[in-house]
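A structural walkthrough
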Amino acid sequence: GEGVEGACCAGTGRRHSDPQATDAAASLLSEERWAFGSSQKTFSSQERKLFTSPPVNLVALAERCGGDAPLVREVLNSSLCDQGEVHINSIDAAFAAKDLSQLRFDADFMQGMASNIGADDLNRSASFLVFLLGAPHSDPPAPRALAGAVGQVRLDFEAAVEYWLDSRESCEE
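Procedures and definitions
Residues numbered from 1 in each chain as written. Predicted model: local features only at pLDDT ≥ 70, side-chain atom pairs only at ≥ 80, totals over all residues. Heavy atoms only, no water. Helix = DSSP H or I, 4+ residues; strand = E, 2+ residues; numbered from the N terminus. Buried < 20%, exposed > 50% of the residue type's maximum accessible area, 1.4 Å probe, protein only. Contact = heavy atoms within 4.5 Å. Areas by Shrake-Rupley, 256 points an atom, 1.4 Å probe, with all protein chains shown as cover. Phe/Tyr/Trp six-rings, centres within 6.5 Å; stacked < 30°, edge-to-face > 60°. Expected span 1.5 Å × (residues − 1). Axes fitted to C-alpha atoms, helices over the stretch in contact; angles between N-to-C directions. Parallel < 35°, antiparallel > 145°, perpendicular 65-115°, else oblique. Left-handed = near helix turned anticlockwise from the far one by under 90°. Nonpolar A, V, L, I, M, F, W, Y, C, P; charged D, E, K, R; others polar. pLDDT = per-residue confidence, 0-100.

This part is about the overall build of the protein. The helix and strand tally for the protein stands at eight helices and zero strands. Listing the helices and strands of the protein from first to last along the sequence gives α-α-α-α-α-α-α-α. Taking all 173 residues of the protein together, 36% fall into the buried category. The contacts in the protein between residues at least 6 apart in sequence include a share of 63% that link residues at least 24 apart. As presented, the protein carries roughly 10100 Å² of accessible surface, and 54% of it is formed by carbon and sulfur atoms.

Now the structure itself:
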């Protein structure tokens, strides 16, 4: 089999045990930028990547799929790209139509799908939308809060899809 590294593809995921990442993180943490005052520095985009998770955790998904790269690709192509696109469009339509029942259904789908594939940001934003919508017979959420939550789900969905499509191009077929 291709193994976990083959499933997640070169350059798309970094393990915490990676000595380069550990050394770089230790170096960053020891620098004076953590001190208060005018000596603080900003992080470069390269440094920031050490502390942020990707929109889809391909390593975790590959491990869940037993290192089966074709299965990882199928899960992401089907769940994220195909089904996710249907549900994100349905979220937009349900929001525009003020159909809270449909919105709740689609948000719940997005939350479950995001949890299954390791899309943590999408999982959090969809979970918040589900929370905001509450029980089926509860009072509707404030329109601005609902609009913000729907917009965040869309942004996180698009980031996850873009990340997967960029990662997929570097995968070995």
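With that settled, consider the environment of Trp164. Take Trp164: it is sitting in helix 8 (residues 143-169). The buried category is assigned to Trp164, whose relative accessible area is 1%. C-alpha of Trp164 to C-alpha of Leu76: the two residues are 88 residues apart in sequence and 7.5 Å apart in space. Setting aside residues up to four positions removed in sequence, Trp164 forms contacts with Leu58, Arg73, Leu76, Asn77, Leu80 and Cys81.

A few words now on the packing of aromatic side chains. Going through the model one piece at a time under the given rule, you end up with one aromatic pair. Look at Phe128 and Phe131: their rings are 6.3 Å apart centre to centre, the planes differ by 35°, and that puts the pair in the tilted class. One end of the pair is Phe128 and the other is Phe131, both in helix 7 (residues 120-133) and three residues apart, which spans about a single turn. The class of Phe131 is exposed, set by a relative accessible area of 62%.

With that out of the way, let us pick up helix 6 (residues 100-117). The first and last C-alpha atoms of helix 6 sit 26 Å apart over 18 residues, in line with the 26 Å expected at 1.5 Å per residue. Residues of helix 6 that are buried include every one of Leu103, Arg104, Asp106, Ala107, Met110, Met113, Ala114 and Ile117, and no others. Turning to helix 6, the residues buried within the fold contact helix 4 (58-64), helix 5 (69-97), helix 7 and helix 8. Just beyond helix 6, the residue with positive phi is Gly118, at close to 80°.

Interhelical geometry of helix 5 versus helix 8 gives an angle of 155° and a closest axis separation of 11 Å. It follows from the interaxial angle that helix 5 and helix 8 lie roughly antiparallel. Of the two elements, helix 5 crosses helix 8, and the hand of that crossing is left-handed. Only Leu146, Ala147, Val150, Val153, Arg154, Phe157, Ala160, Val161, Trp164, Leu165 and Arg168 of helix 8 make contact with helix 5, whose side of the interface consists of Arg73, Leu76, Asn77, Leu80, Cys81, Gly84, Glu85, Ile88, Asn89, Ile91, Asp92 and Phe95. Taken together, the residues that form the contact of helix 5 with helix 8 break down as 15 nonpolar, three polar and five charged.

For residues with low pLDDT, the predicted coordinates do not support detailed interpretation. Of all residues in the protein, 67% attain a pLDDT of 70 or more, and the chain-wide mean is 77. Here residues 1-22 scores under 50 on pLDDT; set against residues more than four positions off or in separate chains, the count is 38 contacts. In the model, residues 24-41 has pLDDT below 50 throughout and makes 22 contacts with residues more than four positions away in sequence or in other chains.

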